[in-house]
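A closer look at the structure
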Amino acid sequence: MPDHHYITTSIYYVNDEPHIGHAHTTVLADVLARYRRLQGRHVFFLTGTDEHGQKVRDAAVENDTNPKTQADRMVVRFQDAWNNLNISHDDFIRTTERRHTRLVESILRSLWDKGDIYFGEYVGWYCVPDERFWTEKDLVDAKCPDCGRAVEKISEGNYFFRMSGYQKWLVDHLNDHAEFIQPTYRRNEVLGYLGRPLGDLCITRPVHRLDWGVRLPFDPNYVTYVWFDALINYLTAAGFRSDDRAFERLWPTATHLIGKDILITHSVFWLTMLKAIGIPPPKTIFAHGWWNVEGAKMSKSVGNVAKPLDLASVFGTDAFRYFLVREMAAGRDAEFSEELLRRRYESTLANDLGNLAHRLVHMITRYCDGAIPEGGTVGDQETELRDRYTQLVTKVFENIESFAFDEALRDVEEVVRELNRYVEWNAPWARFKHGDQEAVRRVLYHASEALRLVSVLISPVMPEKTRQLWESLGWTPSGDLSEELMWGRLRPGSEVIPGHPLFPKN
Ligand code: ME8
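The paragraphs below set out a description of the structure included in this document. Residue numbers run consecutively from 1 along every chain, following the written order of its sequence. The predicted nature of this model means local features are confined to residues of pLDDT at least 70 and side-chain atom pairs, given and counted, to a pLDDT of 80 or more, with totals for whole chains, interfaces and linings taken over all residues. To get the side-chain values, take all heavy atoms of the structure and skip hydrogens and water.

Quick word on the sheet that holds strand E12 (residues 219-224)
Strand pairing in a sheet relies on backbone hydrogen bonds. The paired strands run either parallel or antiparallel. We apply this condition: Two strands qualify as a pair provided that DSSP identifies no fewer than 2 bridges between them. Only DSSP runs of H or I reaching four residues or more are called helices, and only runs of E reaching two or more are called strands; each is numbered from the N terminus.
The strand order across the open sheet formed by three strands is E10-E12-E11, and the pairing between neighbours is antiparallel. Each edge of the sheet is formed by a strand with only one pairing partner; in this case those strands are strand E10 (204-206) and strand E11 (215-216). With two bridges connecting them, E11 and E12 associate as antiparallel partners. Following the sheet pairing, Leu216 is matched in E12 by Asp219.

Topic: the pattern of salt bridges
Side-chain pairing between opposite charges can occur once the charged atoms of the two side chains come close. Rules: By convention in these notes, a salt bridge is any Lys or Arg side-chain nitrogen within 4 Å of a carboxyl oxygen on Asp or Glu. Burial classes: relative accessible area under 20% of the type maximum marks a residue as buried, over 50% as exposed, and values in between as partly exposed (1.4 Å probe, protein chains only).
A complete count under the given rule lists 35 salt bridges for this structure. In this structure, the salt-bridge partner of Arg326 is Glu413, at a minimum N-O distance of 2.8 Å. With Arg326 in helix H12 (residues 317-327) and Glu413 in helix H15 (residues 405-426), this pair connects stretches of sequence that are 87 residues apart. Here Arg326 and Glu413 have matching classes, each one buried. Between Glu414 and Arg421 there is a salt bridge, with the nearest N and O atoms lying 3.7 Å from each other. Arg421 sits in the partly exposed class, given a relative accessible area of 47%. One salt-bridge network, in which partners are shared between bridges, spans Asp3, Arg36, Arg41 and Glu401.

Observations concerning the sheet that holds strand E6 (residues 132-134)
The test is simple: The contact rule is simple, with two residues in contact once any of their heavy atoms fall within 4.5 Å. An axis is simply a line fitted to the C-alpha atoms; with a helix, the fit covers only the stretch in contact. Between two such axes, the angle follows the N-to-C directions and lies from 0 to 180 degrees.
Pairing is antiparallel across the open sheet formed by four strands, whose spatial order is E6-E5-E7-E9. At either margin of the open sheet sits one strand with a lone partner, and together these are E6 and strand E9 (201-202). Across 10 bridges, the pairing between strand E5 (residues 117-127) and strand E7 (residues 152-161) is antiparallel. Bridge pairing in E7 links Phe119 to Tyr159. In this fold helix H4 (residues 98-114) packs onto E5 and E7, with an angle of close to 115° to the strand it touches most, E5.

Overview of the pairing of strand E14 (residues 284-288)
Counted residue by residue, E14 has five buried out of five residues, so it is predominantly covered. What you see with E14 is no split at all: Thr284, Phe286 and His288 on one side and Ile285 and Ala287 on the other are buried throughout. As paired strands, strand E8 (residues 181-182) and E14 are joined by two bridges and run parallel to one another. From the neighbouring strand, Ile181 faces E14, where its bridge partner is Ile285. In this sheet, E14 lies alongside strand E13 (residues 255-259) in parallel orientation, the contact comprising five bridges. For His256, the partnering residue across the bridge sits in E14 and is Ile285.

So this is what it looks like as structure tokens:
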């Protein structure tokens, strides 16, 4: 039986267009999925949209439409964005789909029957002009955090999930599974949050205040709180209560990729919900850091929300993907600017990688009649190159498994620079002039083979550019790419195809 892997992204609100933050989570998940497929594993990769709740309702009002139309319009923007970014998801879930709302209802019903949901009094602060409820900690100087006006204390009946009952179990689980939250230092944030008594979670809104959500199956006067609804998407798509065999196969392998902003909802709300439902925790939660755009935290009001599509079309999808993966150290925040993207494009991609590929194909065309030469006798340098490469494969996969995507690419870059030095030092152009054809062939074969292997290793990040590179080397991969990670697959005699640089400079 193949080794299964279930990979998910957070699902994004359809109140606005996709931006670089959404693109980051989705590209990381895609890269992880592709690395696992490269190792011959079977992956089920899920992304989607979060379509209920106050934010989407408010956006619909602002756009003078209804929430469903708002969602239908915006979901296309997300799907187009992922298409343009070459995302290889296996499923795209919308929380308004019947397959999902049915499961939310079914779970609410079981938790209600079990006594894990109860009716109680919710006390909060209401902003009358904004028609919004705030909790005590949302308030800014005891005023509405949105409009700054006075708020009224209001209490209303709502349904609660008995989250507090699972606090001890959750703390024990986190203590016993040091690797569960990645990067591991983030676990302390969650344990810190759990240092205080955990309240119960208010999981409804009365329909007279918000009518855009999943209705409670046992009380039609209430809709489900958007987070309680949204988190369940991970179960819907895995086949919970609809395809038991798929669910059993997938769930134990579930890896949730999210931004650090929603770590508490995923580790506290979600794990206690799962425990109440009777499902074991997912395998891993990876929380990545935050993109700051030119120093400022990205927000609509600052007007600096970078649109992934715009930049991907300027620099090319693969270069944009490379930048997103390379520039953020696991879990840390990163700075985004067009200038940084340009620099990465010009130095790493155009100069180091693209130029090497271009030169090799060009030299093979000139000095070897356009066909990959025989490698001939292997010298110390070639043995070293091969050893370096073997170590690199192991390191890259180790880094990917521990979500150190940036380090994986940094190691690859180092090998590409060494490869450039190998070519430079051996100077095939000079050897050709002196008639040392054997050396020319040896160097060009080994450099091309190393470049091919390096490109297989980065193909999950840049699937299109690497495919172009293989074409120019006259190489067609077999169906099983994991086989192609072996040294020596580049066949002498294959015709190279000289063409345009992979990363043209504008
Ligand atoms: O929170 N830097 O949706 P959302 C990095 N629907 N990542 C960022 C980012 C930034 N500046 N801004 C957003 C929601 N993200 C809920 C999630 S999941 C069951 C429900 C990414 O549209 C990051 O993944 O606000 C973050 O977690 C997600 O977008 C939030 O997107």
